[in-house]
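Structural features, examined
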Amino acid sequence: MAVSPLRGLKQTFANMEAELKAVDRRTMSGLMASGLKVQRLSQTRVPVEYGNLKGSAFTRKVEGRQAVQVGYTASYAVFVHEDMEQSWKGKPRASGLGVYWGPSGGPKYLENPLRELYANGTIMSTMRAHARARRGEKPA
């Protein structure tokens, strides 16, 4: 008895490959959308005098990985982020533009929004919405 060749195998593999690439795109789209939500919330908590720190926020893809990076490029960003003592809190700024750490600024201005958006399910719901989106559809 002769064995018949499988038909459509080549097309099946091509379809699978296309779907895997689409999953990768939707995953990256969800990661970027989630990162931008973290960035947006973080920017509401950055201490602002002239706006340099707030304006240095970024969200970008990490090359070669399914990951995004959210951060700030201002040279002093990490020092402000980690200043848990806030020794100058409430004191007038030398520039005359308000007070240090006021009115909504605080330390951990990037870490806390990330934790909050993860804890309240925003990040997972954003990822889920992008994962479910099909070709040509916008995530809910």
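To be clear, the structure that these remarks concern was listed above.
Below: a short report on this structure. (Residues numbered from 1 in each chain as written. Predicted model: local features only at pLDDT ≥ 70, side-chain atom pairs only at ≥ 80, totals over all residues. Heavy atoms only, no water.)

A short note on the side chain of histidine 81
Within the secondary structure, histidine 81 is located in helix α3 (residues 77-81). Within the local environment of histidine 81, its side chain forms a polar contact with the backbone nitrogen of leucine 110, the two atoms lying 3.4 Å apart. Beyond its immediate chain neighbours, meaning those up to four positions away, histidine 81 contacts Pro107, Lys108, Tyr109, Leu110 and Glu111. (Helix = DSSP H or I, 4+ residues; strand = E, 2+ residues; numbered from the N terminus. Polar contact = N/O pair within 3.5 Å; in protein donor to acceptor, adjacent residues only side chain to side chain. Contact = heavy atoms within 4.5 Å.)

Brief notes about the nonpolar core
With 14 residues, the main nonpolar core has Leu53, Tyr72, Ala77 and Tyr109 as its most contacted residues. Looking at this core, the elements that each hand over two or more residues are α3 and α5 (122-132). For tyrosine 72, the contacting residues outside a window of four places in its chain are Gln39, Ser42, Gln43, Val46, Leu53, Lys54, Ser56, Ala57, Phe58, Ala77, Tyr109 and Leu110. (Core = buried A, V, L, I, M, F, W, Y, C linked by side-chain atoms within 4.5 Å. Buried < 20%, exposed > 50% of the residue type's maximum accessible area, 1.4 Å probe, protein only.)

A look at the environment of serine 95
Structurally, serine 95 can be placed in the loop between α3 and α4 (111-119). The spacing of serine 95 and serine 29 is 66 residues in sequence and 41 Å in space, taken between C-alpha atoms. Contact partners of serine 95, with chain neighbours within four places excluded, come to Glu49 and Tyr50. Only 3.2 Å separates the side chain of serine 95 from the backbone nitrogen of leucine 97, close enough to count as a polar contact.

Looking at the packing of helix α1 (residues 9-43) against α4
Close contact between α1 and α4 brings their axes to 8 Å; oriented N to C, the two are set at 130 degrees. Relative to α4, the element α1 lies oblique. The handedness of the crossing between α1 and α4 is right-handed. Contact residues: α1 offers Lys37, Val38, Leu41 and Ser42, while α4 offers Pro113, Leu114, Glu116 and Leu117. Of the residues contributing to the contact of α1 with α4, the split by class is five nonpolar, one polar and two charged. (Axes fitted to C-alpha atoms, helices over the stretch in contact; angles between N-to-C directions. Parallel < 35°, antiparallel > 145°, perpendicular 65-115°, else oblique. Left-handed = near helix turned anticlockwise from the far one by under 90°. Nonpolar A, V, L, I, M, F, W, Y, C, P; charged D, E, K, R; others polar.)

Let's talk about the side chain of serine 42
Tracing the backbone through its elements, the reader meets serine 42 in helix α1. Take serine 42: its relative accessible area is 0%, and that puts it in the buried class. In terms of polar contacts, serine 42 uses its side chain to reach the backbone carbonyl oxygen of tyrosine 109, at 2.9 Å. Here serine 42 is in contact with Tyr72, Tyr109, Leu110 and Pro113, once residues within four sequence places are set aside.

A short note on the pairing of strand β1 (residues 57-61)
For a regular strand, the rule is simple: side chains alternate between the two faces of the sheet. The sheet contact formed by β1 and strand β2 (residues 68-72) spans five bridges and is antiparallel. Note that in β2 the partner of threonine 59 across the bridge is valine 70. Between β1 and β2, which pair antiparallel and follow one another directly, the connecting turn spans six residues, one of which, glycine 64, has a positive phi of 80 degrees. (Pairing = 2+ DSSP bridges.)

Side note on a nonpolar patch on the surface
Judged by side-chain polarity, Leu6, Leu9, Phe13 and Met16 come together as a nonpolar surface patch covering roughly 430 Å² of accessible area. Topologically, leucine 6 is positioned in the segment before α1. (Patch = residues over 30% accessible without salt bridge, like charges linked within 9 Å, V, L, I, M, F, W, Y side chains within 5 Å. Areas by Shrake-Rupley, 256 points an atom, 1.4 Å probe, with all protein chains shown as cover. Salt bridge = Lys/Arg side-chain N within 4 Å of Asp/Glu carboxyl O.)

Taken by themselves, the reported measurements are silent on function.
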